[in-house]
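Topology and contacts: notes
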Amino acid sequence: MEEQLHAAVAAILRQYDHRRGNLLPVLQAVQARLGYLPPEAMEQIASAFGVPPVDVYSVATFYAQFRLKPPGRHQFKVCLGTACHLMGGHTVLDCFERRLGIKEGETTPDREFGLERVACVGCCALAPVVVVDGRVEGRVSPTRVDGLLLSFSLEKSRRETPATPTNGGGGSPYGA
Amino acid sequence: MVHEAYRRLRRQAEEKLAARQKRPLIMVGTATCGRAAGALNVLAAVKEEVARNGIDAAIAEVGCLGHCYAEPLVIIRHPGFPSLCYGWVDEDKARRLVVDFLQHGDPCFDFALAALEPNDLFPTFAEYPRGVYEKRIILALCGLIDPEDIDQYLVHDGYAALAQALTMAPERVVAEIKEAGLRGRGGAGFPTGIKWEVCRRAPGQAKYVIGNADEGDPGAFMDRALLESDPHQVLEGLAIAAYAVGARQGYVYVRAEYPLAVARLQKAISQARARGLLGQSVLGSNFSFELEIFQGSGAFVCGEETALIASMEGRPGIPEPRPPYPAEYGLHGQPTLINNVKTLAYVPHILRHGAAWFRRIGTPGSPGTAVFALAGKVAQTGLVEVPMGTTLRDLIFGAGNGIKEDKKFKAVQIGGPSGGCLPDTALDLPIDFDSLQEAGAMMGSGGLVVLDEDDCMVEVARYFLEFTQKESCGKCTFCRLGTKHLLDRLTAITRGKGKDGDLEFLQELAEDVREGSLCGLGKTAPNPVLTTLRYFYHEYEAHVREGRCPALACKDLIAYYIVPEKCSKLCNVCLGSCPAEAVQTRPDLLKVIVQEKCVKCNSCLVACPPQYRAVVKLSPPQDGT
Ligand SMILES: Cc1cc2nc3c(=O)[nH]c(=O)nc-3n(C[C@H](O)[C@H](O)[C@H](O)COP(=O)(O)O)c2cc1C
Ligand code: FES
């Protein structure tokens, strides 16, 4: 696992020359590949760039885009920009939080769902907006939130049931 | 030489597209706004239906037409008919259009929105209120051409201005922009020609040009739509700017949240490079220009030019004091021209039509047009381009067709977190770079969010302070701590915990933060507070003195009730709508809301059938039920 991670980061590092101006692009590429920035990856990047790890941390923590914890299998980004805020973005966020039992910035214990907020995805004309696994959805209502979660949990149970039907309590401890 | 090369490109493009003219063409708007409304499903349905019926038609993806309220949009060019645009298209309608129109010749007027050219059958966009107010320059091709096909830009005079510029002395290009009176569309309205001149004269071994598409204002989407719909226009402007100031390397800085804009821009760059419009010796001249995309990482302050440069140098995006200005000392210490992408998009038009033409549009101090992103409670949300000097009223009630659901207009938030909230008395102010200052706001980059009677102004001020407080880079104390104190006090007020003296405190602190902050973020962060205090003082007072939110919006100051006389008793809709099991049935079948459980999500109020309207919200909450 650790080696895989190291190799993945090394492969990305090979695509860029290591001048400071490429730090953000490299962090972006690593996050695109791994879904987040694990501490080991940041250290590896720091040593490749010849800068102290704290420099990389301070950059990674400054920018809202970077995740320091792994995301969920499905990631919801609820927009709370001005238009979405006025059109009920908070109600949508509340719905997700209540249904998933987590707060924004967190991931469900089974790592199935992650919840984040964003400050505007430029789709304000169709507020409120949620980005579901990178796909932008407009005019999202609380019932649509339920619908989304339902379809994902159906997908999850389909994913888990056809696998070898182990006897007695097989599958996910969190059920579907 | 240059003209020769350009003419060749142009001819090739014309020949390629002429061959397509005779077939019907179906265009689906697949910019982000279209996609958010389901345009990709519409596109798939169109493709499937065309294939299934063996129809000979071309299908293309286009960008954003600006009528985002009616997304998904489909345009059909069918020889023998006017080109027609359809709104609110879903998969069923898409299939019907393919079969009824293309196969059976019925243009389905019942869900057509407008025709694109004047004709005897159907009104055009120009005949709608929005069309009356609009004047499209940089949006002219948006939504009508395929942004991933450079030839469609070329046949509309695309890159002609670059070819023209390359035969002019760079100083002449700068002079033309100066004469046009073009001012920066990134918010501050700085004269573009002067900036170019400073950068041209600045000594440096390497110079850079940067197109700023960080678009941090939450509620604005002009730059996104422009890059997704007509990216070559920006590239052409950037190339001309580079030639004018003497740069060989350029960047477009795009915010992280705009993946589709990045993808379309990337494609545009490679196509332009393949045609010799970028790269070594552009169009055979001795001007060489390389262009790359730099993706932002989700920090509002990085739209500010010195913070933007810091992030491109791999540092946290913290602004530096100016001067020195980037035009003299910018990226890697070299002279760097930074312009908003909208500013750059005007450049080709100015060169093609001349400075005098540009000056005739708009106001003497702010020539040209302005692009606004209409959002919030306005009926027809989307993008509009109007001459500078258009009034807020014409924008909101004319181009935007008024307020959703016929509610009452309360305020308009203009200029984003740096701007202000203006009331109805400001509606007749003409908007240009200088006009709104006195009223306490600014035009900004074009974000315009409309608020109605249901929106609480204290809450809106709190929202913006929360935003700027989060985005403050923390370098200067006034901005870091001042915005925090403002936010805390505003939060307390919206929770009914306001005290005597709070409003005076807010006013004074807001003025201090404005004076004491280092960069534009802190200097303008108090604007939403100052303008709401100025125009909506009574709303603040109601919160502080009576614990009442006049707009019935602040959750801590309202409660939901079911009016017994109105409740039908036999209907259970509210019960099902409640996510918190706060609605319960009494033994006499009357529904009641258990206040301790209520999360104030408004669901029951929306769900209660119109013939009863039994759910009400009251502020301040009443004792008992
Ligand atoms: C806090 C802050 C945020 C800004 N955000 C943006 C932005 O998102 N886009 C932009 O073009 N300019 C933004 N600006 C203005 C830029 O600093 C700069 O003035 C502009 O890009 C210059 O281009 P222009 O002259 O074409 O307007 C921002 C300024 C401040 C103070
Ligand atoms: S405010 Fe939500 S997309 Fe812009």
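The shown structure was predicted, so the numbers you read here are calculated from the model rather than taken from an experiment. (Residues numbered from 1 in each chain as written. Chains lettered and ligands numbered in written order. Predicted model: local features only at pLDDT ≥ 70, side-chain atom pairs only at ≥ 80, totals over all residues. Heavy atoms only, no water.)

**Focus: the overall build of chain A**
When you go through chain A residue by residue, the secondary structure sums to seven helices and four strands. In chain A, the order of α-helices and β-strands from amino to carboxyl end is α-α-α-α-β-α-α-β-β-β-α. In terms of its C-alpha atoms, chain A occupies a principal-axis envelope of roughly 50 × 50 × 25 Å. The burial tally for chain A puts 48% of its 176 residues in the buried class. Of the contacts formed within chain A by residues at least 6 apart in sequence, a portion of 59% connects residues at least 24 apart. Chain A carries 19 positive and 18 negative side-chain charges, and their two centres are separated by 5 Å. (Helix = DSSP H or I, 4+ residues; strand = E, 2+ residues; numbered from the N terminus. Buried < 20%, exposed > 50% of the residue type's maximum accessible area, 1.4 Å probe, protein only. Contact = heavy atoms within 4.5 Å. Lys, Arg positive; Asp, Glu negative; His and termini not counted. Charge placed at Lys NZ, Arg CZ, Asp CG, Glu CD.)

**Focus: the pattern of salt bridges**
Taken as a whole, this structure holds 61 salt bridges over all chains when the rule is applied. Close ionic contact of Arg95 of chain B with Glu49 of chain B constitutes a salt bridge, the shortest N to O distance being 2.9 Å. In this pair, Arg95 of chain B sits in helix 4 (residues 91-103) while Glu49 of chain B sits in helix 3 (residues 39-52), placing the two residues 46 residues apart along the sequence. On the accessibility criterion, Arg95 of chain B (22% relative accessible area) is partly exposed. Salt bridges sharing partners connect three or more residues here, namely Glu104 and Arg117 of chain A together with Glu459, Arg462 and Glu466 of chain B. (Salt bridge = Lys/Arg side-chain N within 4 Å of Asp/Glu carboxyl O.)

**Thoughts on a negative patch on the surface**
Residue and element names in this part refer to chain B. Negative charge collects at one region of the surface, where Asp500, Glu504, Glu508, Glu511 and Asp512 lie side by side. With respect to the helices and strands, Glu511 occurs in helix 19 (residues 502-516). With a relative accessible area of 32%, Glu511 lands in the partly exposed category. (Patch = residues over 30% accessible without salt bridge, like charges linked within 9 Å, V, L, I, M, F, W, Y side chains within 5 Å. Areas by Shrake-Rupley, 256 points an atom, 1.4 Å probe, with all protein chains shown as cover.)

**With respect to the domain arrangement of chain B**
Entries for chain B in the domain assignment read domain 1 (2-128), domain 2 (158-358), domain 3 (369-452), domain 4 (457-545) and domain 5 (558-618). Computed from C-alpha coordinates alone, the two centres of domain 1 of chain B and domain 5 of chain B are separated by 46 Å. (Domains from an automatic or database assignment.)

**What about a nonpolar patch on the surface?**
Side chains of Phe190, Ile194 and Val198 of chain B sit close together on the surface and give an oily, nonpolar patch of about 230 Å² of accessible area. Checked against the element boundaries, Ile194 of chain B lands in helix 9 (residues 192-201).

**So, helix 1 (residues 2-14) of chain A**
Residue and element names in this part refer to chain A. With 13 residues, helix 1 should cover 18 Å at 1.5 Å per step; its first-to-last C-alpha distance of 18 Å lies within 8% of that length. Where helix 1 is concerned, the buried positions are Leu5, Ala8, Val9, Ile12 and Leu13. For helix 1, the buried positions fall inside an angular range of 140° around the axis, keeping them on one side. Facing away from the buried side of helix 1, by more than 90 degrees, are the exposed residues Glu3, Gln4 and Arg14. (Expected span 1.5 Å × (residues − 1). Arc of directions from axis to C-beta.)

**Quick notes on the sheet that holds strand 10 (residues 369-376) of chain B**
All names here are of chain B. The sheet built from five strands is open, its strands ordered 11-10-14-12-13 with mixed pairing. Since the sheet does not close on itself, it has two edges, and those belong to strand 11 (382-387) and strand 13 (420-422), each with one partner. Direction aside, the axes of adjacent strands within the sheet are offset by 30° on average. Looking at chain direction, strand 12 (residues 409-414) and strand 13 are connected through three bridges and run antiparallel. Counterpart to Gln413 in the pairing with strand 13 is Cys421. Helix 16 (residues 392-399) contacts strand 10, strand 11, strand 12, strand 13 and strand 14 (447-452) of the sheet and is inclined by roughly 115° relative to strand 12. Contacting strand 12, strand 13 and strand 14, helix 17 (residues 457-471) crosses the sheet at an angle of about 15° to strand 12. (Pairing = 2+ DSSP bridges. Axes fitted to C-alpha atoms, helices over the stretch in contact; angles between N-to-C directions.)

**Quick word on the site of ligand 1**
Residues and elements named next belong to chain B. Lining the immediate environment of ligand 1, one finds 18 residues, of which Gly186, Lys195, Asn339, Asn340 and Thr343 sit closest. A distance of 3.2 Å separates a nitrogen atom of ligand 1 from a polar backbone atom of Gly303. Summarising the interface, the protein chains cover 88% of the accessible area of ligand 1, which totals 610 Å² for the free molecule. Counting residues per element, the ones that place at least two in the shell around ligand 1 are strand 9 (336-340) and helix 20 (520-524). A total of three residues in the shell around ligand 1 trace back to one element, the largest contributor, which is strand 9. Class assignment for the residues of the shell around ligand 1 results in three nonpolar, nine polar and six charged. (Near = heavy atom within 4 Å. Polar contact = N/O pair within 3.5 Å; in protein donor to acceptor, adjacent residues only side chain to side chain. Nonpolar A, V, L, I, M, F, W, Y, C, P; charged D, E, K, R; others polar.)

**A word on the packing of aromatic side chains**
Applying the stated criterion across every chain yields a total of 20 aromatic pairs over all chains. When the centroid spacing of 5.9 Å and the interplanar angle of 50° are considered together, the rings of Phe76 of chain A and Phe152 of chain A count as tilted. With a gap of 76 residues between them, Phe76 of chain A in strand 1 (residues 74-79) and Phe152 of chain A in helix 7 (residues 142-160) connect regions that are remote in the sequence. Summarising the aromatic geometry, the rings of Phe300 of chain B and Phe467 of chain B are spaced 5.1 Å apart at their centres and angled 70° between planes, so their arrangement reads as edge-to-face. Pair noted here: Phe300 of chain B is in the loop between strand 8 (290-295) and helix 13 (305-312) and Phe467 of chain B is in helix 17, with a separation of 167 residues, a long-range link. For the pair Phe300 of chain B and Phe467 of chain B, one class covers both residues: buried. Geometry around Tyr346 of chain B places Arg185 of chain B over its ring, the cationic atom sitting 4.6 Å from the centre. (Phe/Tyr/Trp six-rings, centres within 6.5 Å; stacked < 30°, edge-to-face > 60°. Lys NZ or Arg CZ within 6 Å of the ring centre and 35° of its normal.)

**Quick notes on the sheet that holds strand 4 (residues 135-137) of chain A**
All names here are of chain A. One open sheet holds the four strands; their spatial order is 2-1-3-4, and the pairing between them is mixed. Since the sheet does not close on itself, it has two edges, and those belong to strand 2 (113-118) and strand 4, each with one partner. For this sheet, the mean inter-axis angle between neighbouring strands, taken without regard to orientation, is 25°.

**Here's the deal with the interface of chain B and chain A**
The interface is formed by 58 residues belonging to chain B together with 37 residues belonging to chain A. Together, the buried faces of chain B and chain A total about 3,500 Å²; carbon and sulfur atoms form 58% of this surface. For the chain B face of the interface with chain A, the top three residues by lost area are Ala36, Ser297 and Tyr463 of chain B, together amounting to 16%. At the boundary of chain B and chain A, one finds two salt bridges. Salt-bridge contacts for Glu466 of chain B lead to Arg117 of chain A; the nearest nitrogen and oxygen are separated by 3.8 Å. (Buried area = accessible area lost by both parts, 1.4 Å probe.)

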